[in-house]
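Each chain is listed here by its residues.
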Amino acid sequence: MNNIVAIVGRPNVGKSTLFNRLIQRREAIVDSVSGVTRDRNYGKSEWNGKEFSVIDTGGYIRGSDDVFEGEIRKQVELAIDEADVIIFVVDVEEGITPMDETVAKLLRKVTKPVLLAVNKVDNAMREKDAIEFYNLGLGEYYTFASISGSGTGDLLDALIKSFPEKPEPVQEEVVLPRFAVVGRPNAGKSSFINALIGKDRFMVTDIAGTTRDAIDTKFDRFGFEFNLVDTAGIRRKAKVKEDLEFYSVMRSVRAIEHADICILVIDATRGFEGQDQSIFWLAEKNRKGVVILVNKWDLVEKDTMSTRDYEEKIKQELMPFTDVPILFVSALTKQRLLKALEATVKVYESRQQRIPTSKFNEYMLKVIEAYPPPATKGKYVKIKYCMQLPSPTPQFVFFANLPQYVKEPYKRYLENKIRENWDLSGVPIDIYIREK
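Residues numbered from 1 in each chain as written. Predicted model: local features only at pLDDT ≥ 70, side-chain atom pairs only at ≥ 80, totals over all residues. Heavy atoms only, no water.

Concerning the overall build of the chain
Across its full length, the chain carries 12 helices and 15 strands. Taken across its 436 residues, the chain has 53% of its residues classed as buried. Look at the contacts in the chain between residues 6 or more apart in sequence, and 74% of them connect residues 24 or more apart. Of the roughly 20,900 Å² of accessible surface on the chain, a fraction of 49% belongs to carbon and sulfur atoms. (Helix = DSSP H or I, 4+ residues; strand = E, 2+ residues; numbered from the N terminus. Buried < 20%, exposed > 50% of the residue type's maximum accessible area, 1.4 Å probe, protein only. Contact = heavy atoms within 4.5 Å. Areas by Shrake-Rupley, 256 points an atom, 1.4 Å probe, with all protein chains shown as cover.)

As for the packing of aromatic side chains
The final tally for this structure, using the stated rule, is 17 aromatic pairs. Relative to phenylalanine 328, the ring of tyrosine 310 lies with its centre 5.9 Å away and its plane at 85°, an arrangement referred to as edge-to-face. Note that tyrosine 310 is positioned in helix 9 (residues 306–318) and phenylalanine 328 in strand 12 (residues 326–328), a separation of 18 residues in sequence. Residues tyrosine 310 and phenylalanine 328 agree in their burial class; the two are buried. Taken together, a centroid distance of 5.3 Å and an interplanar angle of 40° make the contact between tyrosine 410 and tyrosine 413 tilted. Of this pair, tyrosine 410 and tyrosine 413 are both found in helix 12 (residues 408–421), three residues apart, which corresponds to roughly one turn of the helix. Ring pairing ties together the aromatic residues Phe360, Tyr363, Phe396, Phe398 and Trp422, which thus form one cluster. (Phe/Tyr/Trp six-rings, centres within 6.5 Å; stacked < 30°, edge-to-face > 60°.)

Here we look at the pairing of strand 9 (residues 226–230)
A large share of strand 9 lies buried, amounting to five of its five residues. Residue alternation in strand 9 divides its side chains into two sets, Phe226, Leu228 and Asp230 and Asn227 and Val229, and both sets are buried. In terms of strand pairing, strand 7 (residues 178–182) meets strand 9 through four bridges, oriented parallel. Considered in strand 9, the bridge of valine 181 is made with aspartate 230. (Pairing = 2+ DSSP bridges.)

Re the nonpolar core
Counting residues in hydrophobic clusters, the biggest one holds 58 residues, and the most contacted among them are Phe88, Leu107, Phe280, Ile292, Val294 and Ile314. For isoleucine 292, the residues in contact, after removing those within four places along its chain, are Leu264, Ile266, Phe272, Phe280, Ile314, Leu318, Val324, Pro325, Ile326 and Leu327. Judged by nonpolar contacts, the second largest core, of 51 residues, contains Ala187, Phe224, Ile368 and Ile418. (Core = buried A, V, L, I, M, F, W, Y, C linked by side-chain atoms within 4.5 Å.)

Brief notes about the pairing of strand 5 (residues 114–119)
Within strand 5, six of the six residues are buried, which leaves the element mostly enclosed by the surrounding structure. Burial along strand 5 is two-sided: the face carrying Val114, Leu116 and Val118 and the face carrying Leu115, Ala117 and Asn119 are both buried. By the bridge criterion, six bridges tie strand 4 (residues 85–91) to strand 5 in an arrangement that is parallel. In the strand pairing of strand 5, phenylalanine 88 is matched with leucine 116. Taken together, the three bridges between strand 5 and strand 6 (residues 141–143) define a ladder with parallel strand orientation. Bridged to alanine 117 within strand 6 is tyrosine 142. Remark: the strand 5/helix 4 (residues 124–129)/strand 6 crossover connection has right-handed handedness. (Right-handed = clockwise from strand over helix to strand, strands pointing away.)

Now the structure itself:
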């Protein structure tokens, strides 16, 4: 499983600039994902062949200066809980501030690796100034300049070395699909799983030190066999900061990255909130299948238009990826739970499907002929051949004479036509245009 790196520190020390630099290092290699990326505080990076996930805590702090310190304290506590390695960013220009000392005090107590990163060190004089950060009591520090990138190589080398050794996963004889149940706190994730399994498998406990990992349960009822992953886990109530979007995202990252399908449970009484959207786009960015369950539907006052209106509101927030199954359920009354399972299995099967190249060409070339790509600078784009790539998630390549002139709107048109003819509901797909 990927290591998770959290970047923490007070505002305006350069956390987001460092985050962007790490993410660009990865995204320069792979094709950019079509559509709007909304989860700007999460991404993947790679260094010396090791891939890891990065979370920038800075993007989650909201409010005026007088609430910053409290918010930062909460976030550092969560980073300590959930991340494998913590990068603590400080600013050489301002030196050690009281807020830096507060964060350092929290970090000195942890056993996880903490890398002290001194930003804005771009000359020899500032290199000398950085010595004062030994006073934070965190040992060795790493100097860098996030804007120019100098020093980030040494920081990343140290980061890779500090990753904990993880045992190789034991391969099952039959690899079962993994369905992760995700969502913000108190949406009803554990209740949903308990209702399916028929017993209280997931308990809430006040005992310190209980597991905080996502929990797998093998499920083999109603003719379905797969692993259900509950991201709620078991944790001390004192540690739960329910209003923090950062909490929901950090809890979901690991489970989403290693799932096949994400079952996003939302609370019908609260609507499709910012936290729900962040988790949805996290799953979409990782190219996972998604099913949305509107839980606690029995508590909502309804009229004949309720489900349709509610569904429309959710789809407006999901633009442009609106081809997602949305089901209205109740974990308490077990209403439509079997349908929710059937929908999830169907999304899994859709994600696995392979479209024969001959059938794909037969349909798509007619579609392209009826509405070819718009001419650019007097040049006409011709697409003569297309196919599905042999990848774990649905990816399609179209071979053209001038691929650089095929823009995002036309890619979305191709995607919509693929979805019209083949059932890919809940499955993100990638469209590539290559030179023939």
